[in-house]
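Inside the fold
What follows is the residue order along each chain.
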Amino acid sequence: MDNLLNGLVLFLNFVVVPATSYGAQLALGALGVNLIFGVLRFSNFAHGDTMAFGTMLTILGTWALQSVGFSLGFLPTALAALPLGIVGTILFCLAADRLVYAHYRRQKAAPVVFMMASMGVMFILNGVVRIIIGPDERNFADGERFLISAQQFKDATGLLEGLTIRTSQALTLAVAVAAVLALFLFLQRTRTGAAMRAFSDNETLALLCGVSPKVVIRTTWIIAATLMTVAGVLYGLDKSFRPFTYFQILLPIFAAAIVGGFGRPVGAIIGGFIVAFSEIALTYAYRKVVLYFLPGSDVGDSLLQLVPTDYKFSISFVILVVILIIAPTGILKAKSS
Amino acid sequence: MMKRAVQLYGVLTILFLLVGFLQSWSVALATLNLCLISAVMALGVNIQWGYAGLFNAGIMGFAAIGGVVALLVGHAPVSGAIEAGGVGLALSFIVLAIGIVAAVILFRYLKGVLKYALPAVVLIVGFVLFRQVFVPARQAIEAYDPAASGFMGGLGLPILFSWPLAGLAAAGAAFLVGKVALGLRSDYLAIATLGISEIIVAMVKNENWLTRGVKNATGLPQPVPDGRLLQQQTWLVDLVTWMNRSYLDALPATEQTAALRLLVAEASSIIVKLAFAGLFAAVLAGLLALCVFALSSPWGRMIRAIRDNETAAGAMGKNVAWRHLQILMLGSAIVGIAGAMLVTLDGQLTPAAYIPLRYTFLIWVMVIVGGSGSNVGSVFGAFLIWFVWVQSEPIGYWLVKMTTFWMSDTSLIRTHLLQQAQYFRVLMMGTILLLVLRFHPQGFLPERPGRSRQSRGVGE
């Protein structure tokens, strides 16, 4: 019995808990992608780098707060600096929309031109982030590191394996749930939210009904920038901040958005968790878990790892391809552009 | 139009001559070689984007495939490693192939739930069996003399053979990607190619048995004379002595030999670079001629008609999906050739050097700045942008120095900015891309109006 429990705890500790927090981060990212896709109708290649930008602002704010001795107790200081990051990112997104995307909207350019423009924005952010904070890894998590540490868990339960829940992981889930609830309430209950949904469903009809495109687009950027910053900061707290990983996370985020169906908020959340769970469950080495469940089984030297960790991106890609082959519009039907 | 092209290329020539006289001829030629390779890549991207409007966000991956092919063709075989694991490796791939073929056959002929379930099971079982055979073989290969090799090497053929083969391999990869992602919305192709390129580069970095991974496979043969052998040739020494006779005569007799040796070394490196430049220029000229010819042929008109109005072209009986696939393969093949050329120039495969910014997005900037749809323009864009990319690092450094002159030398902000000055060029490239896209979307040398414009009446 203890063996089974130990195996279960091991599995929870290395697969379920990290995949849940990672899934929440991806879901927040994919929500932003979906929102921009739904309203502005293009895939935003600058998404990852905008996340890095918002995170960078938050890190700078965190450092400033830390240098004056400010602290949130067991919570990371970054939480107090988050509003700064959000405001900065919103300002950046609004400026980018004004200077870059608005022009192509007036021209009614093809989505692929918007994509190209977003690549230019990505380039600029890429440079800006590296100039300001450098290309290296930055760790900015502080406060209490663990909500439950492995030792505490072992002492409390008497099991061999410990279950660790990091503060950043619990925080990720809490913040993600709050953000998603707020977003849904906003979309369902407010006039602007209804206008956004109308605009996303049928632009011409919405415009005829007197929906102001300016308000809708501005609100979309504000919400998307908020989601991007929150997702970026949570990801950075959970892992660590390195500009390049924020470019790479673009692929899982897109995969999550496509799995759920492009332009569908609920789909983004489902997609985020599907991608995260597959990625972590497939790259985990099951050797110890199997030994707990089937003691005495002969596994040789094998780690019982299905996919080497170096190929975690290929999992997002395979999910993407499978979805494209069997259900090109995503699990929930996507909007066509 | 013609006049403008001559002018712009004239400006480029002057820029190169300036670098030659002011910096050094070695730097000018090194820049020129990379310009030529970039131009080949830009031609490939231009076929996809300019001719057909396909957004390939994974150029890096196709270039990496080309690089790997260059390694596999050119590198000498490591017989010990092949003896250690070659058979196992071959077996494991046979197992994998059987699994995939079986899954595909089942997927074709089954119906209902089984259509997806059974192939999935077959694939998983096949993969597990594959790993059982593959992992020991791989370990045996990587354990063979890991300090010097630890991989299988290549075929040991002349490396020039790898260039066309690289094109074929990249086209094959493009076929697979295109089969899945083409015909869906345009974004899916961009995202799928972005994904495949990340995976290819991850493989190049991690499959040590094949590419030696981040340990870099060095010692690829050169298709041009060896610089070190060249230095010992008497005719070269005589030539250099004759060319620099006044400079050498002015030196004291004791320093003459040392000075001569330096000059000979420089001369030999210039000769090697010139030889490379000749090869690359020949490839570029050949491909450029083919592209120009293709674009003005009936085939080119059809492709542009599809780009400008897919529905109308489809209604005229053109097979849009197949043409897109063809374009994707052609463009990727050219990028693959360029990737092989790059590895040939370096003489080694450096997997860690494959970063998307440099190999995917920079090429995009070249095509857009030069003029999407215009072959001559894309080549010009490649030359210009690579030149700016190389020269912008000192420019960025200089800019930072100038704008922060009022800060003290020990100022933290100033030292930090000077350290990160290299990233100003990324910022600059983004700005150039956005400015050109906005104010001059047709680029410096736009697609030629005239006959092609008339034939585009289909869409307009």
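See the structure printed just above.
Residues numbered from 1 in each chain as written. Chains lettered and ligands numbered in written order. Predicted model: local features only at pLDDT ≥ 70, side-chain atom pairs only at ≥ 80, totals over all residues. Heavy atoms only, no water.

**Observations concerning the overall build of chain A**
The condition is simple: The way it works is that DSSP assigns letters per residue, a run of H or I at least four long becomes a helix, a run of E at least two long becomes a strand, and they are numbered from the N terminus. For the radius of gyration, the atoms used are the C-alpha atoms, and the globule rule reads 2.2 Å times the number of residues raised to 0.38. The buried label applies to any residue whose accessible area, calculated with a 1.4 Å probe on protein chains only, is under 20% of its type's maximum; exposed applies above 50%, and partly exposed to all values in between. We call two residues contacting when some pair of their heavy atoms lies within 4.5 Å. Only the protein chains shown count as covering a residue, and every accessible area follows the Shrake-Rupley method with a 1.4 Å probe. Think of it this way: Lys and Arg go in the positive column, Asp and Glu in the negative one, and His and the chain ends go nowhere. Taken as the charge location is NZ of Lys, CZ of Arg, CG of Asp or CD of Glu.
Broken down by element type, chain A carries 14 helices and two strands. The C-alpha atoms of chain A give 21 Å as radius of gyration, which agrees with the globular expectation for 337 residues (20 Å, within 12%). Counting across all 337 residues of chain A, residues that qualify as buried make up 54%. Here the analysis covers contacts within chain A between residues at least 6 apart in sequence; of these, 74% occur between residues at least 24 apart. Summed over all atoms, the accessible surface of chain A reaches about 13700 Å², with 66% contributed by carbon and sulfur. For chain A, the centre of its 23 positive side-chain charges and the centre of its 16 negative side-chain charges are spaced 16 Å apart.

**Structural notes on the packing of helix 12 (residues 253-296) of chain B against helix 17 (residues 375-403) of chain B**
Residue and element names in this part refer to chain B. Inclusion rule: Note on method: axes are straight lines fitted to C-alpha atoms, helices fitted across the in-contact stretch only, with angles between N-to-C directions ranging 0 to 180 degrees. When residues are grouped by polarity, Ala, Val, Leu, Ile, Met, Phe, Trp, Tyr, Cys and Pro land in nonpolar, Asp, Glu, Lys and Arg in charged, and all others, Gly among them, in polar.
For the pair helix 12 and helix 17, interaxial distance at closest approach is 9 Å and the crossing angle is 145°. Only Asn375, Val376, Val379 and Phe383 of helix 17 make contact with helix 12, whose side of the interface consists of Leu284, Leu288, Cys291, Val292 and Leu295. Considering only residue class, the contact of helix 12 with helix 17 consists of eight nonpolar, one polar and no charged.

**Points about the interface of chain A and chain B**
To keep it simple, the criterion reads: Summed over both partners, the accessible surface that disappears when two parts come together, traced with a 1.4 Å probe, is what is meant by buried area. The salt bridge definition used is simple: a Lys or Arg side-chain nitrogen within 4 Å of an Asp or Glu carboxyl oxygen. Counted as a polar contact is a pair of N or O atoms within 3.5 Å, where, for protein atoms, one must be capable of donating a hydrogen and the other of accepting one, and residues adjacent in sequence contribute only when both atoms are in side chains.
Contacts between the two partners involve 52 residues from chain A, matched on the other side by 45 residues from chain B. Approximately 4400 Å² of surface area, both sides summed, lies buried where chain A meets chain B, with 78% of it carried by carbon and sulfur atoms. Ranking the residues of chain A by area buried against chain B places A:Met116, A:Phe123 and A:Ile131 at the top, with a combined share of 18%. Inspection of the region where chain A meets chain B yields zero salt bridges. Counting the contacts that link chain A with chain B gives nine residue pairs in polar contact (both at pLDDT 80 or more). The element contributing the most residues to the side of chain A that touches chain B is helix 4 (residues 111-133) of chain A, with 18 residues. Residues that form the side of chain A that touches chain B fall into these classes: 39 nonpolar, nine polar and four charged.

**Here we look at unusual backbone geometry**
All names here are of chain B. The phi dihedral of Arg212 is positive, around 65°, even though this residue is not glycine. Residue classification places Arg212 among the buried residues on the basis of a relative accessible area of 8%. One non-glycine residue, Asn216, adopts positive backbone phi at about 65°. Take Asn216: it is sitting in the loop between helix 8 (208-211) and helix 9 (227-231). Looking at Asn216, the relative accessible area reads 18%, which means it is buried.

**Quick word on the packing of helix 1 (residues 2-22) of chain B against helix 17 of chain B**
All names here are of chain B. Test applied: Here the word oblique covers every angle except those under 35 degrees (roughly parallel), over 145 (roughly antiparallel) and from 65 to 115 (roughly perpendicular). Each crossing gets its hand from how the near helix is turned against the far one by less than a right angle, where anticlockwise is left-handed and clockwise is right-handed.
Between helix 1 and helix 17, whose axes approach to 11 Å, the crossing angle comes to 30°. With respect to each other, helix 1 and helix 17 are oriented roughly parallel. Handedness of the crossing formed by helix 1 with helix 17: left-handed. Two secondary-structure elements touch here, helix 1 through Leu8, Tyr9, Leu12, Leu15, Phe16 and Val19 and helix 17 through Val376, Val379, Phe380, Phe383, Leu384, Phe387 and Gln391. Residues that form the contact of helix 1 with helix 17 fall into these classes: 12 nonpolar, one polar and no charged.

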